[in-house]
Amino acid sequence: MDNMQFGAFVAQLRKEQGFTQKELADRLNVTDKAVSKWETAKGFPDVKLLEPLAQALGVSLVDLMQGRRQEAEILTVAEADAAISQAMGQWEKTTAWRYLRLFRWFLTAICSVCLVWLWPSILYAGKNWLYIPGWSAAETAIGGADGPTAILVASSPTNTILDMLLLAGIPLVLLIVCIILVIKVWRLEKKLK
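Below is a short write-up of the structure. (Residues numbered from 1 in each chain as written. Predicted model: local features only at pLDDT ≥ 70, side-chain atom pairs only at ≥ 80, totals over all residues. Heavy atoms only, no water.)

Helices and strands together make up the secondary structure of the protein chain, namely 7 helices and 2 strands. The order of helices and strands in the protein chain, counted from the N terminus, is α-α-α-α-α-α-β-β-α. Taking all 193 residues of the protein chain together, 32% fall into the buried category. Sequence-distant contacts, at least 24 apart, represent 62% of the contacts inside the protein chain between residues at least 6 apart. Accessible surface computed for the protein chain: about 12,600 Å², of which carbon and sulfur atoms make up 64%. (Helix = DSSP H or I, 4+ residues; strand = E, 2+ residues; numbered from the N terminus. Buried < 20%, exposed > 50% of the residue type's maximum accessible area, 1.4 Å probe, protein only. Contact = heavy atoms within 4.5 Å. Areas by Shrake-Rupley, 256 points an atom, 1.4 Å probe, with all protein chains shown as cover.)

Following this line, the structure appears as structure tokens:
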């Protein structure tokens, strides 16, 4: 059974029963968008919804899982097991795809945070690498009658190894790792879809 066959069968049965997507969704306590996703092969119902869905559409659970009506009223145990295994496999595949998509968005958010973290280093790279005014020395200008007077107060050096590691090294490595993971997760999503 594939999503296309299942979706077409659900749509056909719903129309035979005279239900709109909204009416069927109300009977199952789901949204009409969920029913639309099932019918357009963009999703698969939760395993807990299969039996209520079959009852609402007036077919057996096996017929629903196979995506067609059975000619014979009695199925062998092997046929019933195969239909149930297919439905469980499809549900697991859909659930895995959802979690992968969620994980990909989480990794993308981490990439964004790393870019924001690296942004000051990128902006001031040509001036003095990793030097951002005000971060390591108190800089102030005091105005007098003959013009401004700059006062610099010395503090720890700006470009220590620890500063470079914290300001650029860690987020850069994290950014590269996240980009690689996003690509791998995206490929897995495409395989599951």
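Now, onward.
Looking now at the packing of helix α2 (residues 21–28) against helix α3 (residues 32–39). At a minimum axis distance of 8 Å, the contact between α2 and α3 shows a crossing angle of 110°. As far as their axial angle goes, α3 and α2 are roughly perpendicular. Crossing geometry of α2 relative to α3 is assigned as right-handed. Packed against α2, whose contacting residues are Gln21, Lys22, Leu24, Ala25 and Leu28, the element α3 presents Asp32, Val35, Ser36, Trp38 and Glu39 at the interface. Class assignment for the residues of the contact of α2 with α3 results in 5 nonpolar, 2 polar and 3 charged. (Axes fitted to C-alpha atoms, helices over the stretch in contact; angles between N-to-C directions. Parallel < 35°, antiparallel > 145°, perpendicular 65-115°, else oblique. Left-handed = near helix turned anticlockwise from the far one by under 90°. Nonpolar A, V, L, I, M, F, W, Y, C, P; charged D, E, K, R; others polar.)

The next subject is the pattern of salt bridges. If you walk through the whole model with that rule in mind, you get 3 salt bridges. Note that Glu39 is salt-bridged to Arg14, the shortest N-O span being 2.5 Å. Taken together, the residues span a long stretch of sequence, with Glu39 in helix α3 and Arg14 in helix α1 (residues 3–17) at a distance of 25 residues. Grouping residues by exposure puts Glu39 and Arg14 together as buried. (Salt bridge = Lys/Arg side-chain N within 4 Å of Asp/Glu carboxyl O.)

Turning our attention to the packing of aromatic side chains. Under the definition given, this model contains 1 aromatic pair. With a centroid separation of 4.8 Å and 50° between ring planes, the pair formed by Phe6 and Phe44 is classed as tilted. Residue Phe6 is located in helix α1, and its partner Phe44 is located in the loop between α3 and α4 (47–57); the two are separated by 38 residues in the primary sequence. As far as the burial class goes, Phe6 and Phe44 line up, both buried. (Phe/Tyr/Trp six-rings, centres within 6.5 Å; stacked < 30°, edge-to-face > 60°.)

Once that is clear, we can look at a positive patch on the surface. Taken together, Lys33, Lys37, Lys42, Arg98, Arg101 and Lys193 make up a surface patch of like positive charges. Those elements giving two or more residues to the positive patch turn out to be α3 and α6 (77–123). Its place among the elements puts Lys33 in helix α3. (Patch = residues over 30% accessible without salt bridge, like charges linked within 9 Å, V, L, I, M, F, W, Y side chains within 5 Å. Lys, Arg positive; Asp, Glu negative; His and termini not counted. Charge placed at Lys NZ, Arg CZ, Asp CG, Glu CD.)

Take α1 next. For α1, spanning 15 residues, the distance from its first C-alpha to its last is 21 Å, which sits close to the expected 21 Å at 1.5 Å a residue. Note on α1: the residue one or two positions beyond its end, Gly18, has a positive phi of about 80°. (Expected span 1.5 Å × (residues − 1).)

Glancing now at α3. The periodicity of an α-helix, 3.6 residues per turn, causes residues three or four places apart in sequence to face the same way. Along α3, the residues that are buried comprise Ala34, Val35, Trp38 and Glu39. Seen along its axis, α3 keeps its buried residues to an arc of 135°; they face one direction. Phi for Ala41, located one or two positions after α3, is positive at around 65°. (Arc of directions from axis to C-beta.)

On to the nonpolar core. Across soluble globular proteins, you tend to see nonpolar side chains buried next to one another. Phe6, Leu24, Trp38, Leu53, Leu57 and Leu64 are the most contacted members of the largest nonpolar core, which totals 24 residues. Listed by contribution, the elements that provide at least two residues to this core are α1, α2, α3, α4, α5 (61–66) and α6. In terms of residues, this core owes the most to one element, α4, which gives 6 residues. Here Leu57 is in contact with Val10, Leu13, Arg14, Gln17, Leu24 and Leu64, once residues within four sequence places are set aside. Ranked by size, the runner-up nonpolar core spans 10 residues in total, among them Leu100, Leu175, Cys178 and Val182. (Core = buried A, V, L, I, M, F, W, Y, C linked by side-chain atoms within 4.5 Å.)

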